[in-house]
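Understanding the architecture of this molecule
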Amino acid sequence: LYEYWIYLTVVRIIQDEHGPPQNLDSLFRLRSSGLSVQLRQGEMQQVAFSTGRHRTIRVKYNPRFSNQDTTLIPQKPDILIRFEEDGWPIIQLVADAKYRIDATDQYRQQFKSFGPPTDAINVLHRYRDAILEIDRNSSESVELKRSVVQAAALFPMNQSEHDDYRNSRLWQSLERLGVGA
């Protein structure tokens, strides 16, 4: 349920900035018993936003990367935000929903805040480095390119803790390392 909520929140944030997605109706189904969300854990779902001429933002839930030409071990993040624009390389952001929080003294000393467990942060490093795109350039050669520029764990936090969190290593490492929370 937390993963669904995070995905729908990410979609709403992008919708607030770029207008409604092209296929929002694919996320919901009206039934006689009420409205149901069509997200299913383990199944890929996506909505796409057209942000101008030849620009698209895709927000994917449970994407799977298993192409044997680009992946040694299949990768399956919770959420992927994919920016596509004609003439530009693909840029992707990975977001993993993490409801568990580590608030031990040792963790707080290391990261200057509470946050997701360290094993969740390690998974983000793997996603950033292991998700590759095939880049076919004009000379017909094929190269693999890393397209994930940031990977973040999304975890629950009270609004009152938000400003202090910006001083944490988890927040600051997003820009510096491309991985954080």
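Up top you'll find the structure we're talking about.
**Thoughts on the layout of surface pockets**
Here the largest pocket defines a volume of roughly 870 Å³. Looking at the largest pocket, it is lined by 27 residues, and the ones nearest its centre are Ile 13, Ala 153, Leu 154, Phe 155 and Trp 171. Of all the secondary structure elements, the ones that give two or more residues to the lining of the largest pocket are helix H1 (2-18), strand S6 (91-97), strand S9 (148-154), helix H4 (162-165) and helix H5 (169-177). Ranked by residues supplied to the lining of the largest pocket, first place goes to H1 with eight residues. Here the residues of the lining of the largest pocket sort into 21 nonpolar, five polar and one charged.

**Overview of the sheet that holds strand S4 (residues 55-61)**
Within the open sheet, the six strands sit side by side as S3-S4-S5-S6-S9-S10. Their pairing is mixed. In the strand order of this sheet, the two ends are held by strand S3 (45-52) and strand S10 (179-180), each with one partner. The pairing of strand S5 (residues 79-85) with S6 spans five bridges and is classified as antiparallel. Bridge pairing in S6 places Ile 79 opposite Ala 95. Packed onto the sheet, H1 meets S3, S4, S5, S6 and S9 and runs at close to 165° relative to S4.

**With respect to unusual backbone geometry**
Of note, Asn 62 is a non-glycine position whose phi angle comes to about 55°, a positive value. Following the sequence through the fold, Asn 62 ends up in the loop between S4 and S5. You can call Asn 62 buried: its relative accessible area is 5%. Of note in the backbone geometry, Lys 112 takes a positive phi value of approximately 60° without being a glycine.

**Considering the packing of aromatic side chains**
Each aromatic ring pair is specified by the distance between its two centres and by the angle formed by the two planes. By the definition in use, this model includes eight aromatic pairs. Relative to Phe 155, the ring of Phe 114 lies with its centre 5.9 Å away and its plane at 80°, an arrangement referred to as edge-to-face. Within this pair, whereas Phe 114 is found in the loop between helix H2 (105-111) and helix H3 (118-130), its partner Phe 155 is found in the loop between S9 and H4, the two being separated by 41 residues in sequence. Given a relative accessible area of 11%, Phe 114 falls into the buried group. The class for Phe 155 is buried, based on a relative accessible area of 12%. Centroid distance Phe 155 to Tyr 165: 5.6 Å. Interplanar angle 70°. Geometry classified as edge-to-face. Note that Phe 155 is positioned in the loop between S9 and H4 and Tyr 165 in helix H4, a separation of ten residues in sequence. Grouping residues by exposure puts Phe 155 and Tyr 165 together as buried. Through pairs of rings, three or more aromatic residues link up here, namely Phe 114, Phe 155, Tyr 165 and Trp 171.

About the thresholds
Residues numbered from 1 in each chain as written. Predicted model: local features only at pLDDT ≥ 70, side-chain atom pairs only at ≥ 80, totals over all residues. Heavy atoms only, no water. 1 Å grid on protein atoms, 1.4 Å probe; cavity = no way out; pocket = protein on both sides within 12 Å on 5 of 7 lines; lining within 4 Å. Points joined across faces, edges and corners; volume = space filled by probe spheres on them. Helix = DSSP H or I, 4+ residues; strand = E, 2+ residues; numbered from the N terminus. Nonpolar A, V, L, I, M, F, W, Y, C, P; charged D, E, K, R; others polar. Pairing = 2+ DSSP bridges. Contact = heavy atoms within 4.5 Å. Axes fitted to C-alpha atoms, helices over the stretch in contact; angles between N-to-C directions. Buried < 20%, exposed > 50% of the residue type's maximum accessible area, 1.4 Å probe, protein only. Phe/Tyr/Trp six-rings, centres within 6.5 Å; stacked < 30°, edge-to-face > 60°.

Read these as layout, nothing more, since geometry by itself doesn't imply function.
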